[in-house]
Amino acid sequence: MSEKRTPRGPVGRSMPGEKAKDFKGSMTKLIVYMKRYHTPLFFMFLFAIAGTIFNIIGPTILGHATTEIFNGLLLKVDGTGGINFEKIANILITLMILYVMSACFSFIQGIIMTGISNDVSYTMRKDISKKINRMPLKYFESKTTGEVLSRVTNDVDTLQMSLNQSVTQLVTSVTTLIGVFIMMLRINVLMTIFACLMIPTSMIVIGLITKHSQKYFQQQQKYLGEVNGQVEESYSGHNIVKVFNKEQQTVQDFQQINQKLYESAWKSQFFSGMMMPLMQFIGNLGYVMVALLGGYLTILGKIQVGQIQSFFQYIRNFTQPMQQIAQVSNMLQSSAAAAERVFEFLEEQEEDQIVQNAVDITQTKGIVDFENVQFGYDEDKIIIHNFCSHVGEGQKVAIVGPTGAGKTTIIKLLMRFYDVNKGSIKIDGHDLREFNRTELRELFGMVLQDTWLFSGTIMENIRYGRLDATDEEVIEAAKAAHAHHFIMTQPEGYQMVLNEETSNISQGQKQLLTIARAILADNKIMILDEATSSVDTRTEVQIQKAMDTLMQGRTSFVIAHRLSTIKDADLILVMKDGDIIEQGNHQTLLNQNGFYAQLYNSQFEKAEDMESVS
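Below, the structure is looked at part by part. Just so you know, the residues in each chain are numbered from 1, in the order the chain's sequence is written. The model is predicted, so local features are restricted to residues of pLDDT at least 70 and side-chain atom pairs to those at 80 or more, both for listing and for counting; the totals for chains, interfaces and linings are taken over all residues. The side-chain figures draw on all heavy atoms in the structure; neither hydrogens nor water molecules are used.

1. Side note on the overall build of the protein
Okay, step 1: In terms of regular secondary structure, the protein is built from 19 helices and 12 strands.
Okay, step 2: In this treatment the radius of gyration is a C-alpha quantity, and the globule benchmark scales as 2.2 Å times the residue count to the 0.38 power. For the protein, the C-alpha radius of gyration of 36 Å lies well beyond 25 Å, the compact-globule estimate for 614 residues.
Okay, step 3: For the C-alpha atoms alone, the extent of the protein along its principal axes is close to 130 × 55 × 50 Å.
Okay, step 4: Burial analysis of the protein (614 residues in total) assigns 46% to the buried set.
Okay, step 5: The contact criterion used throughout is that any non-hydrogen atoms of two residues lie within 4.5 Å. Expressed as a percentage of contacts within the protein between residues at least 6 apart in sequence, the contacts between residues at least 24 apart total 79%. In this text, helices come from DSSP runs of H or I with a minimum length of four residues, and strands from runs of E with a minimum of two, each type numbered from the N-terminal end. Exposed residues in this analysis have more than 50% of their type's maximum accessible area, buried residues have under 20%, and partly exposed residues fall in between, with area computed by a 1.4 Å probe over protein chains only.

2. Details of the side chain of Asn436
Okay, step 1: Residue position: Asn436 is located in the loop between strand E5 (430-431) and helix H12 (437-442).
Okay, step 2: Setting aside anything within four residues of it in sequence, one finds Asn436 in contact with Gln353, Ile354, Val355 and Ala358.

3. Observations regarding helix H2 (residues 38-78)
Okay, step 1: A helix's residues, less one, multiplied by 1.5 Å, set its expected span. The terminal C-alpha atoms of H2, which comprises 41 residues, lie 61 Å apart, in line with the 60 Å expected from a rise of 1.5 Å per residue.
Okay, step 2: Positive backbone phi, at 80 degrees, marks Gly79, one or two positions downstream of H2.

4. Things to note about the packing of helix H7 (residues 198-236) against helix H9 (residues 247-299)
Okay, step 1: It is the contact of H7 with H9, at a shortest axis distance of 8 Å, that shows an interaxial angle of 160 degrees. Classified by the angle their axes make, H7 and H9 are roughly antiparallel. Viewed along their axes, H7 and H9 form a crossing whose handedness is left-handed.
Okay, step 2: Residues were grouped as follows: Ala, Val, Leu, Ile, Met, Phe, Trp, Tyr, Cys and Pro as nonpolar; Asp, Glu, Lys and Arg as charged; and all remaining residues, including Gly, as polar. Of the residues in the contact of H7 with H9, the class split is 20 nonpolar, 17 polar and 4 charged. Here the axes come from fitting lines to C-alpha atoms, over the contacting stretch only for helices, and the angles between their N-to-C directions go from 0 to 180 degrees. Roughly parallel means an angle under 35 degrees; roughly antiparallel, over 145; roughly perpendicular, 65 to 115; everything else is oblique. Crossing handedness follows the turn of the near helix against the far one: under a right angle anticlockwise gives a left-handed crossing, and clockwise gives a right-handed one.

5. Structural notes on helix H16 (residues 507-521)
Okay, step 1: Its 15 residues give H16 an end-to-end C-alpha distance of 21 Å, which sits within 8% of 21 Å, the value for a rise of 1.5 Å per residue.
Okay, step 2: All of the buried residues in H16 are Gly508, Gln509, Gln511, Leu512, Leu513, Thr514, Ile515, Ala516, Arg517, Ala518, Ile519 and Leu520.
Okay, step 3: Remark: Asp522 follows H16 within two positions and exhibits a positive phi of approximately 55 degrees.

6. A few points about empty space enclosed by the protein
Okay, step 1: Put plainly, a pocket is an open set of points on a 1 Å grid over the protein atoms alone with protein on both sides within 12 Å along at least five of seven lines, a cavity is a set where a 1.4 Å probe fits but cannot get out, and a lining residue has an atom within 4 Å of a point. Grid points are joined across faces, edges and corners, and a volume is the space filled by probe spheres set on the points. Taken as a whole, this structure holds 2 cavities of 30 Å³ or more when the rule is applied.
Okay, step 2: Here the second largest cavity defines a volume of roughly 50 Å³.
Okay, step 3: What lines the second largest cavity is Leu413, Arg416, Tyr418, Asp419, Val420, Ile425, Asp431, Leu432 and Arg433.
Okay, step 4: Its residues assigned to classes, the lining of the second largest cavity shows 5 nonpolar, no polar and 4 charged.

7. Looking at the environment of Ser106
Okay, step 1: Mapped onto the fold, Ser106 is located in helix H3 (residues 85-134).
Okay, step 2: Whenever two N or O atoms come within 3.5 Å, that pair is a polar contact, provided that in protein one can donate a hydrogen and the other can accept it, and provided that, for residues adjacent in sequence, both atoms are side-chain atoms. Side-chain polar atoms of Ser106 contact the backbone oxygen of Ser102, separated by 2.9 Å.

8. Overview of the sheet that holds strand E9 (residues 525-529)
Okay, step 1: Any two strands with at least two DSSP-identified bridges between them are counted as paired. Pairing is mixed across the open sheet formed by 6 strands, whose spatial order is E6-E9-E10-E3-E11-E12. The open sheet is flanked by strand E6 (444-448) and strand E12 (579-584), the only strands paired with a single partner. In this sheet, neighbouring strand axes are inclined to one another by 20 degrees on average, regardless of whether the strands run parallel or antiparallel.
Okay, step 2: The pairing of strand E3 (residues 396-400) with strand E10 (residues 555-559) spans 4 bridges and is classified as parallel. Bridge pairing links Ala398 to Val558 in E10.
Okay, step 3: Packing of helix H11 (residues 407-414) onto the sheet brings it into contact with E3, E6, E9, E10 and strand E11 (571-576), and relative to E10 it is tilted by some 150 degrees.

9. Some details on the pairing of strand E4 (residues 422-427)
Okay, step 1: With 5 bridges connecting them, strand E1 (residues 368-375) and E4 associate as antiparallel partners. Among the inter-strand pairings, Asp369 is bridged to a residue of E4, identified as Lys426.
Okay, step 2: Across 2 bridges, the pairing between E4 and E5 is antiparallel. The residue bridging Ile427 from the neighbouring strand is His430, located in E5.
Okay, step 3: What sits between E4 and E5 in their antiparallel hairpin is a turn of 2 residues, with Asp428 showing a positive phi close to 55 degrees.

10. Topic: the sheet that holds strand E2 (residues 384-391)
Okay, step 1: Spatially, the 4 strands line up as an open sheet ordered E2-E1-E4-E5, and their pairing is antiparallel. Here the strands that pair on one side only, and so sit at the sheet edges, are E2 and E5.

11. Remarks on the environment of Asp428
Okay, step 1: Positionally, Asp428 belongs in the loop between E4 and E5.
Okay, step 2: C-alpha separation for the pair Asp428 and Phe105, spaced 323 residues apart in sequence, amounts to 68 Å.
Okay, step 3: Only 2.6 Å separates the side chain of Asp428 from the backbone nitrogen of Lys365, close enough to count as a polar contact.

12. Remarks on a nonpolar patch on the surface
Okay, step 1: Put simply, a patch holds well-exposed residues, over 30% relative accessible area, that have no salt bridge, with like charges counted together within 9 Å and Val, Leu, Ile, Met, Phe, Trp or Tyr side chains within 5 Å. Only the protein chains shown count as covering a residue, and every accessible area follows the Shrake-Rupley method with a 1.4 Å probe. Basic side-chain nitrogens of Lys or Arg form a salt bridge, by our definition, when they fall within 4 Å of a carboxyl oxygen of Asp or Glu. Among the surface-exposed residues, Phe181, Leu185, Val189, Leu190 and Ile193 lie close enough to one another that they form a single nonpolar patch of about 410 Å² accessible area.
Okay, step 2: Of all the secondary structure elements, the ones that give two or more residues to the nonpolar patch are helix H5 (145-187) and helix H6 (189-196).
Okay, step 3: In terms of residue count, H6 provides more of the nonpolar patch than any other element does, 3 residues in total.
Okay, step 4: Among the structural elements, Val189 can be located in helix H6.
Okay, step 5: Since its relative accessible area comes to 49%, Val189 is described here as partly exposed.

13. Looking at the environment of Phe486
Okay, step 1: Mapped onto the fold, Phe486 is located in helix H15 (residues 484-488).
Okay, step 2: As a C-alpha pair, Phe486 and Leu512 span 26 residues in sequence and 9.8 Å in three-dimensional space.

14. Details of the nonpolar core
Okay, step 1: Ranked by internal contacts, the top residues of the largest apolar core, which has 43 residues, are Ile462, Ile487, Ile515, Ile566, Ile572 and Tyr596.
Okay, step 2: Broken down by element, this core gets its largest block of residues, 7 residues, from H16.
Okay, step 3: Look past the residues within four positions of Ile462 in its chain and what remains in contact with it is Val474, Ala478, Ile487, Tyr494, Leu513, Ala516, Arg517 and Leu520.
Okay, step 4: Among buried residues, those of type Ala, Val, Leu, Ile, Met, Phe, Trp, Tyr and Cys that are joined through side-chain atoms within 4.5 Å constitute a nonpolar core. Counting 34 residues, the second-largest nonpolar core is a separate cluster that includes Val373, Phe387, Ile410 and Ile527.

Here you go:
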């Protein structure tokens, strides 16, 4: 299984409690990123605070109603009066209006914040999508697929969810905490002091629980990534698993990781679940203390009964924001961790796309020169030492050699996926670095060993080579690639939809479609990398004919292990350990009786041995 199919990075959704390496820096970047939303954020804050304030005033007004009822009952008992229902009705109507206004403000701020969070995630995904197209190939070769996808999916989703919940929650909780504290002081300072004794106790409990749950949340995130990676690896390579009878081993590996995930998730949720019951217990103790003190003060005539009732409501409203702030702190940690990973990606070094006074590619002939090229993926480990070669216009050049000789690396340098360490590669006498990178790559067409077809019709897949091509041009390209006949045998012809479940299209037929796509693109220079290595001999003949059509009149670079397919090459470059050790045409190299002759003869000896065995 290839490296790209074995994601080992964190591909699961960020867990609460996951910490950013630089919380302050990540949140600062997020705030700067959200500056464009300053107007809707202002109104969101305004409506959130207004809705909370109206909600805070409610218990005081309800306390007035309670006091009015209590005083009326006392008057009725004394026989000197009764309950003033009209006044109580006015108080309750006022209370209802306040709560309706509070609900409306909260609803509006919720809509605004949802719009902001959705727009942030939309913009981030758009920025990431644009960034991907500007990233150098070395980044993707150093990261797993799951790790890159995690930035686009899980991290952005986590950020959206956290923003939508945490920002609003933080504003309302802080406003509630301050407003309730002021209202409690207005009722009675001594009762407020008793109620506030719950705060340090609650903070200690929260701190202890968070300290113990933090490591389990981090373990949960780690093992979730491993589980997702193992599942994706096993699923993408399930054929290999079956071939080597590793089903039982795969299940055992999954069970081991899944058990670790279960244990860490259980512990993290257990400690997290303890917080609410403990906070409620502490809150109830506070109620008891305040009830005793409030009863005593009422007897002394220092406060009224309705104020005690209001104070109890405020106590509940006082402890709840503290719990919410504790939860928001976890969510902000998740936001910071997700934002940090997204901004790390957005700040990665990009390829230089544009150069000043760029070379015009419209008159390019396709003459390629490699001049003393040195290159290493790691500058301390040079793998291409001194590559020199001249390729004339319209020549067919074959690059052969053992695995690891540097054949594909040369192609990557030619496409400028990487820049040379020393020396230069020139097209028509111009260094590759003098071209705009996107225009440079318009010069090249590629047919690779791994065919890439997307979900769509055959017509759309071929037209991908040149999107403005007419249907007639697509059909002509298919005919030139010897693909027209098999396409017309399909149930819907060119309108047949290709997808992962397409089983009636063989590997060789898929390759013919990619060649048709390259023919339609009509690039100046063609690159064919092991295009026939995974097909049978009969299909290879068809593909070879198609490739001959494709290479007519174009400078072509062919990487091939089957040396029989490159006999007619104008120039064969024989590579070994990053150097050209031989070059010439097929017959010249055979006459030299060197490394190429050994490779060629060994392939025929193998073929003869196989025929004798059969």
